[in-house]
Structure formats: C-alpha cells, structure tokens
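So the chains spell out like this:
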Amino acid sequence: MSDIRLPSSGFYEAFRRECLTAVRNRSELFNPLIFFLSIIMFVPLGVSPDAKALAPIAPGMIWIVALLALLLSLDKVFQSDYEDGCLEQMLLSGQSMYLVVIAKVLAHWCFTGLLLTLLSPVLGLMMALPGEAYIALMASLLLGTGALSFIGAVGAALTVSLRRGGLLLSLIIIPLYVPVLIFGTSAVRSAALGDPWTGPLAVVAAMCLCAMMLAPLAVVGALKISLEN
Amino acid sequence: MHCLALEKLYFEREDLPLFGGLSASWQSGSIVQIAGHNGCGKTTLLRMIAGLLQPSSGRVLWDDKANRGLSFQSKLLFLGHQVGVKMTMTALENLRWFFALHGRKSADKTPEVSRDELLEALERVGLRAYADTPAHSMSAGQQRRIALARLFISEAPLWILDEPFTAIDKHGVSELEQRIDKHAASGGIVLLTTHQRWSAPSFQVLDLEQYKGRAVDV
C-alpha cells in the first residue's frame, strides 16, 4: 500500500527521541550506574579485601549486581510514555509498533546495559578478577544485558498500567533472567579458570538474539492490553 | 469519499452495560459532536473508534471494512485526554517527533513535513516564540496548544478529538473551530467531544444518553 511509509523512519525517530529524553533526565540516567558501582565498591569492604577471597566470587557478584541494576531501571521504560499519552500516539501512528518497541528498548539498553558493560572492567579490578576473564566479562555482559533488557521489557509493558507494578514486575521477570545469569557467569568463570568460554557465551548470544526478535511481539501485545484500561 | 460506520456497538465494564445498540454512519464532511453527561462513555466511544479499545460486541467500519490495522491508522489523527506531549522536549521537538512518526497522512502530498511548516503551525497556535522552550516550563494551556498545532498540518481524513478545547482561550477556540470547519469542508470527518457548539452546516450531534445502559440486542 502506497500510503504506508517505510518503517525505517519510525525506528530512527523513536530511537533519537528516547536518547534525547534519556539524556535530559540525567538524574534517572545515572541511577542504575551508581547502584552498580556502589554495591561492587562495598563488597571488598564488607567481605574481605583479600584477592584470594574475592576472585572466586567476582564473576557471579558482578553479574548479579548488573542484573539487579537493570531490573531497577526497567519500570521506567514505558511509564512516562504511558502517562503522558505518547504511547497511544505511537500505537496509532500507522508505523510498525514492533520497530518502535525495538528502538525504545535498544535506547534503554544503551543507557543501562551498554554503560554497565563499559564500566565493568573497573569493577573487575576492584573484585580482583583474573586478567584472562576481562574479555569474557565484557562480552557476556554486552550480550547478556541485551537479553535482559528485551526480556524485561515484556514485564514492563505488562505492568505499565499498574500504579505500583515494581514488585509484580520483578516476580514476572526474575525466573526468565535465571538462564541468562547462569550462562553469563559460567562464561566468565570458565575464562577466569583458563578454560574455553565461547560455548556458554554462544548460548548467551543466542538468548540475546531470540529475545530481541521475539520479545517485541509480546511487548506490543502487552502494551495494547495495558492501554485498554 | 470516506465513510465511518458504527454497527450495533455494545460496551460493558465490569459486567455493567455502559452503552448498547449504538449504530450510526457518517460521510466525508461531517463534524460530529458526541454529547452526554460525565461518565456516559464519550471517551470510551472515541477510544473504541480509534481502535484502542475493543467493543464487547458490534463493529466499527471504516470504508466498509472492519479490519482496522496500519492502513486505518494511516488515515487517523487521535487526540486523547493525555495529548502526548513530552515535558522534557521543546515545542518544536515534540511536533517534529509527532510528524516523523505519523506523517501528514494526506492522500496526495508527501508524508514528510518540513521545519518551516512546523514553525508555521506553532505560529498558528501562538507558540512561535516558544519553539525552543521545553514543554515543562509552559502553562497547561500552552502545552495543549503544542498538541493542537498538529491540526494545522495533519490532513488525516478522520480526526478524533477528545475535549480539544480544554484550557484554551476564546480566541484560540475560534481559530480551531475554523480549522475544523475547513477540514470537514475539504472532505474530512471530525468526531469530537466538547461543550462548544457552532453553526457549521455539517454539524451533527450524537447524544450518547439515549444509548446509556442498553443491553446487547436492542
């Protein structure tokens, strides 16, 4: 049909706009990062500054805190657009909502998952992570946080019309996060022990791609239901 | 020529019928005011016609077709209670985003809207000087005007406007009325809820009170 435009402009505009609003909301932008940084800073103080005690728990610790930091930021993904009516304008725009959702979640990931990944070597240093594991840590977080963002978006979309959906969101999402966490940490742990680590990383990559492809379908459906209220 | 038809619409909320047996049809050029007391389902009806809400039974037909996906949405401009203006973005950015997503929705012009047109639309609603002001530092009326500036660009055949005149001053209201008249005259259909009435020849009223609480099969 000639009156439906190429969906690429919808994708680009949605992404641009998300980045713009995220950058203007600076206080919220840095919340997950500060959370991530401060917990990892407390571990050597609270547990033990000894590298022998820290190194074995480092992969798991960094991954768990990254996961929680992401979870905390999730309920914001659709909230403000739901409240000010932008969401219904997106749904009625005549553009593919699937692409708009991918753009929104990708933008959210850029300001959470990507930043956490870039920050992770510093935290690896604090946690006395062995040198061999840094590449595995960054690669697994890069792909893993992508999967977490897209899976989490489904929960965020389902709970967007609830006033206090935070707890419900966690209950829906945490079971789905378990496989990502298991394979993500096992990649880093294998690397730290000097074993091959591309196997578990490939599983994380597969989860990331699957989530990226399938989760937006569920998100679109969930948003339509949420808007019916 | 377009045609919007409602076929035996029935809607219930928590097992209580809100309205039922609602059938009507409108051709290009109609301005339809949905009237009724608070809580009789005006907003519900508009959201239903826009496709945001499914009727409990009955159908909404656009050009005799019930399937209202992307091709229907590419004919529609919807203005709800929450107008969809982002507080952290400036007036111009808000308008730019809207038309980048929606386009002009015109049958024979390109969907892209130039910056000059956006500025001109802001001029029409008296916000030219505020083009680069973030929406959060404007008054409630000005924020709504950002959304109403869309009407001066959009050529979507179907306009659905939920209380468009809220928080707008007298002069602004008469400008908007003229724009709505012009849109209907050029072949658009406009559905709106308002307490305003004006003397356009094509003006019609749909009184929701008479369908209130009716059951499915009436």
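Residues numbered from 1 in each chain as written. Chains lettered and ligands numbered in written order. Predicted model: local features only at pLDDT ≥ 70, side-chain atom pairs only at ≥ 80, totals over all residues. Heavy atoms only, no water.

### Quick word on the sheet that holds strand β4 (residues 57-62) of chain B
Residues and elements named next belong to chain B.
And step 1. A sheet is described by the order of its strands in space; here three strands give the open sequence β2-β1-β4, paired in antiparallel fashion. Two strands lie at the open edges of the sheet, namely β2 (16-27) and β4, each paired on one side alone. Across the sheet, the axes of successive neighbouring strands diverge by a mean angle of 15 degrees, strand direction being ignored.
And step 2. Its contacts with the sheet put helix α1 (residues 42-50) on β1 (3-13), β2 and β4, and the angle it makes with β1 is roughly 125 degrees. (Pairing = 2+ DSSP bridges. Helix = DSSP H or I, 4+ residues; strand = E, 2+ residues; numbered from the N terminus. Axes fitted to C-alpha atoms, helices over the stretch in contact; angles between N-to-C directions. Contact = heavy atoms within 4.5 Å.)

### Re the sheet that holds strand β6 (residues 158-162) of chain B
Sheet strands line up and pair through hydrogen bonds in the backbone, either parallel or antiparallel.
Residues and elements named next belong to chain B.
And step 1. The sheet built from five strands is open, its strands ordered β5-β6-β7-β3-β8 with parallel pairing. The sheet terminates laterally at β5 (76-79) and β8 (203-207), the two strands that pair on one side only. Across the sheet, the mean angle from the axis of one strand to that of its neighbour is 15 degrees, orientation sign disregarded.
And step 2. By the bridge criterion, three bridges tie strand β3 (residues 31-35) to strand β7 (residues 189-193) in an arrangement that is parallel. Paired with V32 across the two strands is L191, which belongs to β7.
And step 3. Lying on the sheet, α1 is in contact with β3, β5, β6, β7 and β8; it crosses β6 at an angle near 155 degrees.
And step 4. Contacting β3, β6 and β7, helix α6 (residues 170-185) runs over the sheet at an angle of about 150 degrees to β6.

### So, the nonpolar core
Proteins that are soluble and globular tend to have nonpolar side chains buried together.
And step 1. Formed by 135 residues in total, the largest nonpolar core has its most connected members in F78 of chain A together with F19, L45 and L191 of chain B.
And step 2. Filtering out sequence-adjacent residues up to four positions away, F78 of chain A remains in contact with L87, K104, A153, A156, A157, V160, V219 and L223 of chain A. (Core = buried A, V, L, I, M, F, W, Y, C linked by side-chain atoms within 4.5 Å. Buried < 20%, exposed > 50% of the residue type's maximum accessible area, 1.4 Å probe, protein only.)

### Considerations on the pattern of salt bridges
And step 1. What the rule picks out here adds up to 13 salt bridges over all chains.
And step 2. One salt bridge in this structure joins R96 of chain B and E13 of chain A, with 2.7 Å as the shortest N-O distance. Remark: E13 of chain A occurs in helix α1 (residues 8-24) and R96 of chain B occurs in helix α3 (residues 91-102); the pair is interchain, linking two chains.
And step 3. Exposure remark for R96 of chain B: the relative accessible area of 34% places this residue in the partly exposed category.
And step 4. D81 of chain A is the partner of K86 of chain B in a salt bridge, and the nearest nitrogen-oxygen pair spans 2.8 Å. Residue K86 of chain B is found in the loop between β5 and α3, and its partner D81 of chain A is found in helix α4 (residues 79-83); the two belong to separate chains.
And step 5. Residue K86 of chain B is classed as buried on the basis of its relative accessible area, which comes to 5%. (Salt bridge = Lys/Arg side-chain N within 4 Å of Asp/Glu carboxyl O.)

### Digging into unusual backbone geometry
Residue and element names in this part refer to chain B.
And step 1. If you check the backbone angles, E14 has positive phi at about 50 degrees while not being a glycine.
And step 2. Along the chain, E14 falls in the loop between β1 and β2.
And step 3. In this structure, K105 is a non-glycine residue whose phi angle is positive, near 60 degrees.
And step 4. On the secondary structure map, K105 appears in the loop between α3 and α4 (115-124).

### A look at the confidence of the model for chain B
And step 1. Across chain B, pLDDT averages 88, with 97% of residues at or above 70.
And step 2. As a predicted assembly, this complex carries a pTM of 0.89 together with an ipTM value of 0.89. (pLDDT = per-residue confidence, 0-100.)

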